[in-house]
Amino acid sequence: MFSRVIPFNNFLPKRKVRMRKVGVGDINISDAEKSAVNRVLDSNWLSEGPQVKQFESDWANYVGTKYCIAVNSGTSAIIAGLEALKHCEHFPKAKEGSKVITSPLTFIATVNSIKLTNYQPAFVDVNMDDFSLSTESLKEYLENANAGGYSVIMPVHLMGYPCDMDKINNIAKKYGLATIEDSCEAHGTKYNGKRTGALSDFGVFSFFIAHNIQVGELGAVTTDDLELVRYIDKIKAHGRTWDREAHEETAMRKEKFHNTEHEIDHHPRYYHDILGYNFKTTEI
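Note that the structure is predicted; figures quoted are calculated from it, not measured. (Residues numbered from 1 in each chain as written. Predicted model: local features only at pLDDT ≥ 70, side-chain atom pairs only at ≥ 80, totals over all residues. Heavy atoms only, no water.)

### Remarks on the overall build of the protein chain
Moving on, step 1. From N to C terminus, the protein chain includes 7 helices and 11 strands.
Moving on, step 2. A total of 284 residues make up the protein chain; the buried ones form 40% of that total.
Moving on, step 3. Here the analysis covers contacts within the protein chain between residues at least 6 apart in sequence; of these, 63% occur between residues at least 24 apart.
Moving on, step 4. Surface accessibility of the protein chain: about 17,100 Å² in total, with carbon and sulfur atoms responsible for 52%. (Helix = DSSP H or I, 4+ residues; strand = E, 2+ residues; numbered from the N terminus. Buried < 20%, exposed > 50% of the residue type's maximum accessible area, 1.4 Å probe, protein only. Contact = heavy atoms within 4.5 Å. Areas by Shrake-Rupley, 256 points an atom, 1.4 Å probe, with all protein chains shown as cover.)

As structure tokens, this is what we get:
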């Protein structure tokens, strides 16, 4: 003899459930945006030019930093920034093989960038209420570590929640470490009245389609440090000696050929003195 169990919810009245589809990466492109793109296409200037410079100025003003450098992705922004630290004398601990402390709860680009620039990732725990880097865990971690092997603290402002940058900066200062904000998911987030990306040595942003300001693919570095800006500018463009402060009239260079000095028309963009990448973005 067999018995059959009838689920309790079979006796409940049936209700129609309306499912709401929540898209990841939805974007609404207005006529104004289409018009702006068409103006770029009509200008016949697609590589970096006046539109990129205008964006850099506008984004720096919005975030609250002196400078902004546009690149082709948030990942590129982290890589270029980490590489630039190695060239700046005021970041003496930023050497290959040194450790970058960051969050274990983040998109993989954060850690990929650390590894690809020959640093080593080190992880401390997050707060359970907002997923921000735990300053208590950070403090305890460094107290029990050989701080000489560390160079950077990179908190992640995950899903718009800001990390406690005052405490993180104080800890970094105690151990002589640089601070970088991964602000790729925190456009416009404020902490103590200041926007993220303006609370550290430099901040990085992504404008990927899934983020809250979207252009498809774009990244940016924000900073007040002019030396960092100069190196990031070089690193994003194949290691060029070209400086954003330079002018066209300085393009002539003197070169010696067979013990004879000649002035030749070589633009500085074709001179390279460090290794770099192609991280440039477009006018669109």
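### A few points about helix α7 (residues 226-235)
Residue pairs three or four apart in sequence face the same way in an α-helix, which turns once every 3.6 residues.
Moving on, step 1. Looking only at α7, the buried set comprises L228, V229, I232, D233, K234 and I235.
Moving on, step 2. Looking at the packing, one finds that the buried side of α7 touches β1 (67-71), α3 (74-87), β8 (202-206) and β9 (219-223).
Moving on, step 3. Regarding α7, its N-cap is D225, as a side-chain oxygen of that residue lies 3.0 Å from the backbone nitrogen of E227 further along. (Polar contact = N/O pair within 3.5 Å; in protein donor to acceptor, adjacent residues only side chain to side chain.)

### Looking at the pairing of β1
Moving on, step 1. Across the 5 residues of β1, 4 count as buried, placing the element largely inside the fold.
Moving on, step 2. With 5 bridges connecting them, β1 and β9 associate as antiparallel partners. Looking at β9, one finds that A70 is bridged to A220. (Pairing = 2+ DSSP bridges.)

### So, the nonpolar core
Moving on, step 1. Within the largest apolar cluster, 29 residues are counted, with the highest numbers of intra-cluster contacts made by L82 and L85.
Moving on, step 2. Looking at this core, the elements that each hand over two or more residues are β1, α3, β4 (150-154), β5 (178-182), β8 and α7.
Moving on, step 3. When residues of this core are assigned to their parent elements, the largest contribution, 7 residues, is made by α3.
Moving on, step 4. Other than its neighbours up to four places away in sequence, L85 contacts F91, A94, Y119, V152, A178, I180, F202 and L228.
Moving on, step 5. With 18 residues, the next largest nonpolar core counts A122, L177, Y191 and L199 among its residues. (Core = buried A, V, L, I, M, F, W, Y, C linked by side-chain atoms within 4.5 Å.)

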